[in-house]
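Tertiary structure, described
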Amino acid sequence: MALDAKIPSGPIAEKWSKHKFEMKLVNPANKRKYNIIVVGTGLAGASAAASLGELGYNVKAFCFQDSPRRAHSIAAQGGINAAKNYANDGDSIHRLFYDTVKGGDYRAREANVHRLAEVSCNIIDQCVAQGVPFAREYGGLLDNRSFGGAQVSRTFYARGQTGQQLLLGAYSALMKETAKGTVKMFPRREMLDLVVIDDKARGIIVRNLITGELERHEADAVLLATGGYGNVFYLSTNAIGSNVTAAWRAHKKGAFFANPCYTQIHPTCIPVHGDYQSKLTLMSESLRNDGRVWVPKKKGDTRAPKDIPESEREYYLENRYPSFGNLVPRDIASRNAKSVCDDGLGVGSTQMAVYLDFADAIKRLGRDSIEEKYGNLFEMYERITGEDPYATPMMIYPAVHYTMGGLWVDYNLQSTIPGMFVLGEANFSDHGANRLGASALMQGLADGYFVIPYTLGNYLATNKLEKVTTEHPEFVAAEAAQKEKIEKLLSIKGTRTVDSFHRELGMVMWDKCGMARTEEGLKEALVRIPQIRDEFWKNVTVTGSEGEFNQVLERAGRVADFLEFAETMVTDALNRKESCGGHFREESQTEEGEAKRDDENFCHVNAWEYQGVGMTPILHKEALSFENVPLTQRSYK
């Protein structure tokens, strides 16, 4: 089956404007007749719910946190990209488009990426109007800094807490609409199933996490903005609650899952310190603006970094990639860190770390300047490690951070289930095989503020939607199925904890489907994952009961989904016999150890159709064409 992305015709710079004009509109008075469900209240979900409420729709917004302010978007640190060219250094919409397509290793849809670059400038204006306290230069203009994969300064930032400030802006817009009554908030609810009636998404089943009660909610359209699936690896920079459940349950109802093997390993994270950890901590990529990455030239050199002279240091990114230096894209920086550690040049007690050194920047700019830019990040590092990064280099190592794969959507952000739209990290659409730094916040807000208000209106205006209630047989059946699954989890009463299974799965995924993958390792994973899953359903222990606050039950449901999803993820990685971006197959690399694409056989999107637990999903392909950014082997040298 060839997938229709519904890309508008015409020159790429005119597609979005042309499409906006051609789409059907909903009369302002008629918007009040439609009920919209938004699942997830991070940047994508909060901005979408606020925008749709402002337009006059009746919106229900759901999150499993106690407040939208606790969405994982709050953890983003470094900044948000926009092609405003405030630095007057040659940036433009076309350059941001070009950098994003190239950074994604030519595995993203050109039309979506250009639209993202176009609306990026509007996002900054919107957020400034909301009061987001972006950093400013002495003259009062908004400041910019550089990020990986770009040779211009286009990243707007609020110290090292940009995600938090942007989320508070979206949250304030959301709370304005809740006060007006156009949005109704449902915190502490977890989506367990999508309800499909007459082949259209018409509602969801959620569990009230405080009371344990299952609830039915109907709507004319459902928007998923539920983030990524990085916690399939157990250890990641994601919040512990981040999960694949909403997307996976929708996938089982007919939404295709696209490119699940595309996961991003962030190069700038605090290294693993022991097997007691439940998550890892990101140190913003913005630190690579002023920090220099290096390792000792001599294997097993255990001297303190201050005792290692310049002549005995290997600044490997600066030496290998002179054009971009320490600001190469994340996939390249991550693989190089792994490579030097594998060669025995790693530092620290585990020798699985490299230095990120600010001594030169402090000498050049002064400590006060560095503290002004990165002070909260330096404080966080010291609290976690007990070391002062102003006095001694940080130690960093790559960790799972972001997922470029997600539910397949067309140009309108609609999944293969009519009436179900997917926003932000939960969809696959904009980043290809590798996301450039500071583009996650950009995509989430673009989808919520500037894309979905148009495309959702077009869907509602062009589809006849019969009135349904939560007493419809599909709602009854969906709730009964979830109740049965909950009862099954509680009845097993085995001897192993939920977390022990999650950790075991994570180790398999990291070892076999992590920074580097091989055909042999992926095949081994496809044997091991079903074994772990079978034991889970025979030997997991889930304490407590159904009708109460029960976080063990919450985790059990999410891990059960990871144990199913992981198999599809590995299947996708095994199918894609090329290296591209964050997907590095050791069998496909250049003589210099860089990712080697196979454009003849794999210049397409993999979109998988669910067939059942343990059954091989059906592969559908969306061909990718590159008319504006010609296919070339990436080079950052």
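Residues numbered from 1 in each chain as written. Predicted model: local features only at pLDDT ≥ 70, side-chain atom pairs only at ≥ 80, totals over all residues. Heavy atoms only, no water.

What the second largest pocket holds in volume is close to 630 Å³. Val272, Tyr397, Met507, Trp510 and Asp511 are, among the 30 residues lining the second largest pocket, the residues nearest its centre. For the lining of the second largest pocket, the element with the most residues is helix H14 (residues 498-513), which contributes six residues. For the lining of the second largest pocket, the residue count by class is 16 nonpolar, six polar and eight charged. Among the domains, domain 1 (268-400) and domain 2 (479-623) are the pair contributing at least three residues each to the lining of the second largest pocket. (1 Å grid on protein atoms, 1.4 Å probe; cavity = no way out; pocket = protein on both sides within 12 Å on 5 of 7 lines; lining within 4 Å. Points joined across faces, edges and corners; volume = space filled by probe spheres on them. Helix = DSSP H or I, 4+ residues; strand = E, 2+ residues; numbered from the N terminus. Nonpolar A, V, L, I, M, F, W, Y, C, P; charged D, E, K, R; others polar. Domains from an automatic or database assignment.)

On to the sheet that holds strand S1 (residues 35-39), then. Strand pairing in a sheet relies on backbone hydrogen bonds, with the paired strands running either antiparallel or parallel. Reading across from one edge, S5-S2-S1-S9-S17 is the order of the five strands in this open sheet, with parallel pairing throughout. The outermost strands of the open sheet, each flanked by one partner alone, are strand S5 (183-186) and strand S17 (420-422). Strand-to-strand twist across the sheet, computed as the mean angle between neighbouring axes with direction ignored, equals 20 degrees. Here strand S9 (residues 221-224) pairs with S17 via three bridges, running parallel. Considered in S17, the bridge of Val222 is made with Met420. (Pairing = 2+ DSSP bridges. Axes fitted to C-alpha atoms, helices over the stretch in contact; angles between N-to-C directions.)

This part is about the packing of aromatic side chains. Taken as a whole and judged by the stated rule, the model has 24 aromatic pairs. The interplanar angle of 65 degrees and the centroid separation of 4.9 Å between the aromatic rings of Phe358 and Phe378 together place this pair among those described as edge-to-face. Remark: Phe378 occurs in helix H11 (residues 367-385) and Phe358 occurs in the loop between strand S14 (354-357) and helix H10 (359-365); sequence separation between them is 20 residues. For the pair Phe358 and Phe378, a shared accessibility class is recorded, and that class is buried. With centroids separated by 4.5 Å and ring planes inclined at 40 degrees, the aromatic side chains of Phe378 and Tyr390 adopt a geometry described as tilted. Taken together, the positions of Phe378 in helix H11 and Tyr390 in the loop between H11 and strand S15 (394-403) put the pair 12 residues apart, joining distant regions of the chain. Taken together, the ring pairs connect Tyr229, Trp248, Phe257, Phe565 and Tyr610 into an aromatic cluster. Just above the ring of Tyr402 sits the side chain of Arg435; from NZ or CZ to the centre is 4.1 Å. Its guanidinium or amino end placed over the ring of Trp537, Lys488 lies 4.8 Å from that ring's centre, counting from NZ or CZ. (Phe/Tyr/Trp six-rings, centres within 6.5 Å; stacked < 30°, edge-to-face > 60°. Buried < 20%, exposed > 50% of the residue type's maximum accessible area, 1.4 Å probe, protein only. Lys NZ or Arg CZ within 6 Å of the ring centre and 35° of its normal.)

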